[in-house]
Amino acid sequence: MYLSRFLSIHALWVTVSSVMQPYPLVWGHYDVCKTQIYTEEGKVWDYMACQPESTDMTKYLKVKLDPPDITCGDPPETFCAMGNPYMCNNECDASTPELAHPPELMFDFEGRHPSTFWQSATWKEYPKPLQVNITLSWSKTIELTDNIVITFESGRPDQMILEKSLDYGRTWQPYQYYATDCLDAFHMDPKSVKDLSQHTVLEIICTEEYSTGYMTNSKIIHFEIKDRFAFFAGPWLRNMASLYGQLDTTKKLRDFFTVTDLRIRLLRPAVGEIFVDELHLARYFYAISDIKVHGRCKCNLHATVCVYDNSKLTCECEHNTTGPDCGKCKKNYQGRPWSPGSYLPIPKGTANTCIPSISSIGTNVCDNELLHCQNGGTCHNNVRCLCPAAYTGILCEKLRCEEAGSCGSDSGQGAPPPGSPALLLLAALLGTASPLLF
C-alpha cells in the first residue's frame with residue numbers, strides 16, 4: 001500500500017514539475033574543458049568546448065544613474081501611494097534609512113518582504129520631461145541566457161527603451177521599445193515576440209504588452225530571451241542542438257545575445273490617463289524593486305570558471321588560451337591562429353586548442369598538456385624525453401633499429417609505427433591520440 005501511495009505521489013510530482021518548468025532549468029552543457037582518456041600510447045588529454053554555468057549576473061554589475069541626482073529624498077519630498085494615487089502623504093528622505101530609496105535597492109537578492117525599491121524624484125517640474133537613464137555595467141562581455149525582468153513598484157512607464165552595448169558603453173543599440181502607444185511614441189507599429197520568426201528574430205520591435213499604466217497588479221516588464229531561443233530550439237527548448245548550431249554559425253545571432261552593458265531609458269512615467277494631472281504631480285515617478293539578468297561570462301568556449309576578484313570578472317582560461325574572454329593564445333602556443341571553441345559536433349563540441357609554436361619546441365619539448373613523450377618515454381624538466389632503450393627521437397617516436405636499418409622480422413623489435421617522424425611530431429603538436437595518416 002505504501003509503495004503504491006509513494007508511486008502515486010511521485011507521478012503527481014513529475015506531472016506538476018513538468019507544468020511548472022516549461023523550460024529546462026539550465027540550458028546547455030559543456031561543463032568540462034578536458035578529460036583524460038586511455039589510448040595505445042597511454043593517458044592523453046581529450047579536449048572539448050566548455051563554458052561557465054549560467055547565473056544571476058546582477059551580483060557583479062555596477063549601476064549608474066543619469067542624471068546622478070534623480071533619486072528621491074534630497075531634499076525630502078512626499079509622494080502618492082502606489083495603490084491610491086491621491087493619497088499623497090508618503091515621504092522619501094535620503095537622510096533616514098527607513099525612508100530612503102537608493103539605487104542599490106533596485107536589486108532584490110534576498111527576496112525581501114515588504115519589498116524595498118529605488119525611487120526617482122517626482123514629476124514636480126512638469127512639463128519638463130521626467131527622464132532617467134539606468135546603466136548596468138559588467139566591465140566584461142557576458143552572454144544572456146534568460147529573460148531580462150524589471151519589476152516596477154510604481155506603474156510601468158508609458159515610454160521606455162532597453163538598450164545594449166557591446167563595447168563597454170562607447171556605443172549603444174536599441175534592444176526593445178516599450179510604450180502605451182508605439183506609433184505615437186516611436187513611430188513604430190506595435191508587435192510582440194510572438195510576431196517574430198527564425199528569419200526576423202533579430203528585429204528590434206516596439207511592444208505595448210508591458211505598458212499598461214498605473215495598474216497595481218501589473219508591475220513586470222520582460223525582454224524575452226528564451227522565446228527567441230525557442231524559434232530554433234522548439235517551444236520547450238528541447239532541441240538545443242539546433243540552437244547551438246545557429247549560434248555557432250551565425251555571428252549576428254550570437255552577438256544579439258551578447259552584451260557588456262545594458263541601459264534602461266525611462267522616458268515617461270505611468271500617467272494612466274490621456275492628460276497629466278497637474279494638481280497631483282507627486283503621483284508621477286519611477287520606482288524599481290528588482291532587476292534580473294541571467295547569463296554567463298563569455299569565454300569563447302575555452303573556460304568553465306569565471307572569477308570575480310577586485311570587482312572584476314575574468315575567465316579562467318583553458319586550452320592554452322588567455323585574456324579576459326580567452327580571446328588569444330598564450331605565449332609559445334601560437335602554432336596556429338586562435339579560434340573560439342565550437343558547440344559542434346554535439347554533445348562535446350570542438351575545443352580548437354592553441355598548440356605550441358614551432359619556435360618554442362627547442363625550449364619546451366614535452367609537457368603534461370599536449371606534448372607527451374611516446375612509447376613509454378618520460379618528460380625530463382620539459383626539455384627532453386628520456387626514451388626506453390628501443391626508441392629514440394625528440395618524443396621517442398622512432399625505433400632505434402630504424403636508424404641502423406636493422407628493423408627486420410628477426411630483430412625482435414617489430415615494424416616501425418606508421419607515418420614519418422615529421423608526421424609523428426606534427427601529430428604530437430596537434431594533440432592527436434594517434435599519428436596522422438594521409
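Residues numbered from 1 in each chain as written. Predicted model: local features only at pLDDT ≥ 70, side-chain atom pairs only at ≥ 80, totals over all residues. Heavy atoms only, no water.

Undergrad: Got a minute to help me understand the overall build of the protein chain in this structure?
TA: If you tally the helices and strands in the protein chain, you get seven helices and 24 strands. Across the 438 residues in the protein chain, those meeting the buried criterion constitute 44%. Sequence-distant contacts in the protein chain: of pairs separated by 6 or more residues, those separated by 24 or more amount to 63%. Per element, the accessible surface of the protein chain, about 22600 Å² overall, is 55% carbon and sulfur. (Helix = DSSP H or I, 4+ residues; strand = E, 2+ residues; numbered from the N terminus. Buried < 20%, exposed > 50% of the residue type's maximum accessible area, 1.4 Å probe, protein only. Contact = heavy atoms within 4.5 Å. Areas by Shrake-Rupley, 256 points an atom, 1.4 Å probe, with all protein chains shown as cover.)

Undergrad: Mind showing me how you'd approach the side chain of His319 here?
TA: Along the chain, His319 turns up in the loop between strand S18 (312-315) and strand S19 (321-322). Judged by relative accessible area, which is 3%, His319 ranks as buried.

Undergrad: Got a minute to help me understand the nonpolar core in this structure?
TA: The biggest cluster of nonpolar side chains holds 61 residues, and the ones touching the most others in it are Trp118, Ile134, Trp138, Leu266 and Ile291. It is strand S8 (residues 132-144) that contributes the most residues to this core, six residues altogether. For this core, the domains that each give at least three residues are domain 1 (26-52 + 299-360) and domain 2 (55-296). Judged by nonpolar contacts, the second largest core, of eight residues, contains Ile161, Phe186, Cys206 and Leu267. (Core = buried A, V, L, I, M, F, W, Y, C linked by side-chain atoms within 4.5 Å. Domains from an automatic or database assignment.)

Undergrad: Any chance you could explain the pairing of strand S9 (residues 148-152) here in plain terms?
TA: Two faces belong to every sheet, and in a regular strand the side chains alternate between them. When you tally the buried positions in S9, you get five out of five residues, the bulk of the element. Judged by which residues are buried, S9 turns out to be covered on both faces: Ile148, Ile150 and Phe152 on one side and Val149 and Thr151 on the other are all buried. Sheet analysis places S9 next to strand S13 (residues 220-223), joined by four bridges and oriented antiparallel. When the bridges of S13 are listed, Val149 appears paired with His222. (Pairing = 2+ DSSP bridges.)

Undergrad: What should I look at first to understand helix H4 (residues 240-249) in this one?
TA: Residues lying three or four places apart along an α-helix face the same way, a consequence of the helix completing one turn every 3.6 residues. Among the residues of H4, Met240, Leu243, Tyr244, Gly245 and Leu247 are the ones counted as buried. Along its buried surface, H4 packs onto helix H3 (226-233) and helix H5 (251-256).

Undergrad: Even after reading the chapter, I still don't get the packing of aromatic side chains, so can you show me in this structure?
TA: Think of a pair of aromatic rings as described by two things: how far the centres are apart, and how the planes are tilted against each other in angle. Following the criterion strictly, the structure yields 14 aromatic pairs and no others. Above the face of the Trp45 ring, Lys34 is positioned so that its terminal group lies 4.3 Å from the ring centre. Over the ring of Trp172 we find Arg263, and its NZ or CZ is 4.3 Å from the ring centre. (Phe/Tyr/Trp six-rings, centres within 6.5 Å; stacked < 30°, edge-to-face > 60°. Lys NZ or Arg CZ within 6 Å of the ring centre and 35° of its normal.)

Undergrad: Help me understand the state of the cysteines, please; the structure alone is not making it clear to me.
TA: Applying the stated criterion to the full structure yields 10 disulfides. The disulfide partner of Cys33 is Cys50, and the gap between their sulfur atoms is 2.0 Å. Judged by the sign of its S-S torsion, about 90°, the cystine formed by Cys33 and Cys50 is right-handed. Of the two residues, Cys33 is situated in the loop between helix H1 (2-20) and strand S1 (34-39) and Cys50 in the loop between strand S2 (42-47) and strand S3 (55-56); the sequence distance between them amounts to 17 residues. We note that Cys33, like Cys50, is buried. At a sulfur-sulfur separation of 2.1 Å, the disulfide partner of Cys373 is Cys385. For the disulfide bridge between Cys373 and Cys385, the dihedral angle about the S-S bond is near -85°, and by the sign convention the bridge is left-handed. Of this pair, Cys373 sits in the loop between strand S20 (328-329) and strand S21 (378-380) while Cys385 sits in strand S22 (residues 384-386), and the two are 12 residues apart along the sequence. An identical accessibility class is assigned to Cys373 and Cys385; each is buried. (Disulfide = S-S within 2.5 Å.)

Undergrad: Can you help me understand the sheet that holds S13 in this one?
TA: Adjacent strands of a sheet pair through backbone hydrogen bonds, lying either parallel or antiparallel. The sheet built from four strands is open, its strands ordered S7-S15-S9-S13 with antiparallel pairing. Each edge of the open sheet is held by one strand with a lone partner, namely strand S7 (118-119) and S13. Across two bridges, S7 lies against strand S15 (residues 287-292) in antiparallel orientation. By the bridge assignment, Gln119 is partnered in S15 with Ala287.

Undergrad: Help me understand the pattern of salt bridges, please; the structure alone is not making it clear to me.
TA: A pair can form between side chains of opposite charge whenever their charged atoms are brought close. Overall, the coordinates contain 14 salt bridges when judged by the stated rule. Residue Glu163 pairs with Arg263 through a salt bridge whose shortest N-O separation is 2.7 Å. Remark: Arg263 occurs in strand S14 (residues 258-268) and Glu163 occurs in strand S10 (residues 159-165); sequence separation between them is 100 residues. Across the salt bridge formed by Glu163 and Arg265, the nearest N and O atoms sit 3.3 Å from each other. Taken as a pair, Glu163 in strand S10 and Arg265 in strand S14 lie far apart in primary sequence, 102 residues in all. (Salt bridge = Lys/Arg side-chain N within 4 Å of Asp/Glu carboxyl O.)

Undergrad: Explain the confidence of the model for the protein chain here, please?
TA: Detailed reading of the predicted model is not advised wherever pLDDT is low. Per-residue confidence for the protein chain gives a mean pLDDT of 83; residues scoring 70 or more make up 79%. Note on residues 6-28: pLDDT under 50 across the span, and 20 contacts to partners over four residues away in sequence or across chains. (pLDDT = per-residue confidence, 0-100.)

Undergrad: Can you help me understand the environment of Gln246 in this one?
TA: Structurally, Gln246 is set in helix H4. For Gln246, a relative accessible area of 29% translates into the label partly exposed. With near-sequence residues (within four places) excluded, Gln246 lies in contact with Phe232 and Leu253.

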